[in-house]
Amino acid sequence: MATIEECRAALDKLSDSMQHAEGDVRAAAAMDRSVSCHITDLDVTFAGRLTGGRIEVHDTFPGPPREKAQIRLALTGDDLVALVDGELHFARAWGSGRVRLEAGLRDLLRLRKLL
């Protein structure tokens, strides 16, 4: 099982990848939205913003998200690490229910370029 530190490192790695992306992926990452990532097996949430092509984590707290972020992700720590490392395909994981992504329709359309 992935640790909180490994999950935070995976989010940092994802953020770095997004910041260095080009083309459509860079445009999709340029949104300014509140985000939350609930790590279900650890019951911890990372909350912050997607801004300037980066995910900035502002808070980490126990339990589910305290406020409804504009972009919400929920998955296990191992799945987060596997997604970021390219070992787990996002669409298959989302389709099977291993990963939950919730956002407004416009945001989902833009996010599909990232995923």
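It should be noted that the structure appears before, not after, this text.
Since the structure is predicted, the reported quantities are computational estimates derived from the model, not experimental observations. Residue positions are counted from 1 within each chain, in the order its sequence is given. Side-chain atom pairs in this predicted model are given and counted only at pLDDT of 80 or more, local residue features only at pLDDT of at least 70, and totals for whole chains, interfaces and linings cover all residues. Heavy atoms from the whole structure form the basis of all side-chain values; hydrogens and water molecules are not counted.

(A) Local environment of the packing of helix α1 (residues 4-19) against helix α3 (residues 77-84). Running from amino to carboxyl end, α1 crosses α3 at an angle of 30°, the nearest separation of the two axes being 9 Å. Considering their axes alone, α1 and α3 lie roughly parallel with respect to each other. Of the two elements, α1 crosses α3, and the hand of that crossing is left-handed. Of α3, the residues touching α1 (which contributes E6, C7, A10, L11, K13 and L14) are G77, L80, V81 and V84. Residue classes in the contact of α1 with α3 are distributed as seven nonpolar, one polar and two charged. Every axis in this analysis is a line fitted to C-alpha atoms, fitted for helices over the stretch in contact. Angles between the N-to-C directions lie between 0 and 180 degrees. Working definition: helices are DSSP H or I runs of at least four residues, strands are E runs of at least two. Numbering for both runs from the N terminus. Any angle from 65 to 115 degrees is called roughly perpendicular, while one under 35 is roughly parallel, one over 145 is roughly antiparallel, and all others are oblique. Two helices crossing with the near one rotated counterclockwise from the far one by less than a right angle form a left-handed crossing, whereas a clockwise rotation gives a right-handed crossing. Residue contacts are counted whenever heavy atoms from the two residues lie within 4.5 Å of one another. Gly is placed with the polar residues, together with every amino acid not listed as nonpolar (Ala, Val, Leu, Ile, Met, Phe, Trp, Tyr, Cys and Pro) or charged (Asp, Glu, Lys and Arg).

(B) Representation of the environment of T3 within the structure. Within the element layout of this structure, T3 appears in the segment before α1. Along the primary structure T3 and D32 are separated by 29 residues, whereas in three dimensions their C-alpha atoms are 28 Å apart.

(C) Quick look at the layout of surface pockets. Only protein atoms enter the 1 Å grid used here, on which a cavity is any set of points holding a 1.4 Å probe that cannot leave and a pocket is any open set flanked by protein within 12 Å on both sides along at least five of seven lines; residues with an atom within 4 Å of a point are listed as lining. Grid points are joined across faces, edges and corners, and a volume is the space filled by probe spheres set on the points. Empty space within the second largest pocket amounts to approximately 170 Å³. Of all the secondary structure elements, the ones that give two or more residues to the lining of the second largest pocket are β1 (33-39), β2 (44-51) and β3 (54-62). Looking at side-chain class alone, the lining of the second largest pocket contains five nonpolar, five polar and three charged residues.

(D) A look at the pattern of salt bridges. For this analysis, a salt bridge means a side-chain nitrogen from Lys or Arg found within 4 Å of a carboxyl oxygen belonging to Asp or Glu. In the structure shown here, the tally under the stated rule is seven salt bridges. D85 is the partner of K13 in a salt bridge, and the nearest nitrogen-oxygen pair spans 2.8 Å. Of this pair, K13 sits in helix α1 while D85 sits in the loop between α3 and α4 (90-96), placing them 72 residues apart in sequence. To sort residues, take the accessible area from a 1.4 Å probe on protein chains only and compare it with the maximum for the residue type: under 20% means buried, over 50% means exposed, and anything in between is partly exposed. On the basis of relative accessibility, which here comes to 41%, the residue K13 falls in the partly exposed class.

(E) Just the environment of A21, in detail. Along the chain, the position of A21 falls in the loop between α1 and α2 (23-29). Linking A21 and G53, residues 32 residues apart in sequence, is a C-alpha distance of 8.6 Å.

(F) A look at a negative patch on the surface. Like charges are joined within 9 Å and nonpolar side chains (Val, Leu, Ile, Met, Phe, Trp, Tyr) within 5 Å, but only among residues with over 30% relative accessible area and no salt bridge; these make up the patches. Where accessible areas are quoted, they stem from the Shrake-Rupley method and a 1.4 Å probe; at the residue level, only the protein chains shown are allowed to cover. Charged-residue counts in this description rest on Lys and Arg as positive and Asp and Glu as negative, His and the chain ends being excluded. In plain terms, the charge of a residue is placed at NZ if it is Lys, CZ if Arg, CG if Asp and CD if Glu. On the surface, a cluster of negative charge is made up of E5, E6, D41 and D78. Relative to the assigned elements, D78 resides in helix α3.

(G) Structural context of the pairing of β3. With eight bridges connecting them, β2 and β3 associate as antiparallel partners. Looking at the pairing, T45 lines up with F61 of β3. For two strands to pair, DSSP has to find at least two bridges joining them. In sequence, β2 turns back onto β3 through a hairpin of two residues, with G52 there showing a positive phi of about 60°.

(H) A look at the side chain of D107. Tracing the backbone through its elements, the reader meets D107 in helix α5 (residues 105-111). The class for D107 is buried, based on a relative accessible area of 8%. For D107, the side chain forms a polar contact with the side chain of R33, separated by 2.9 Å. Sequence-distant contacts of D107, defined by excluding residues within four places in its chain, comprise M31, R33, Q70 and I71. Whenever a nitrogen or oxygen atom comes within 3.5 Å of another N or O atom, the pair is scored as a polar contact, on the condition that within protein one atom can donate a hydrogen and the other can accept it, and that pairs from neighbouring residues in sequence are kept only if both atoms are in side chains.

Functional significance is not addressed by these values, which are geometric in nature.
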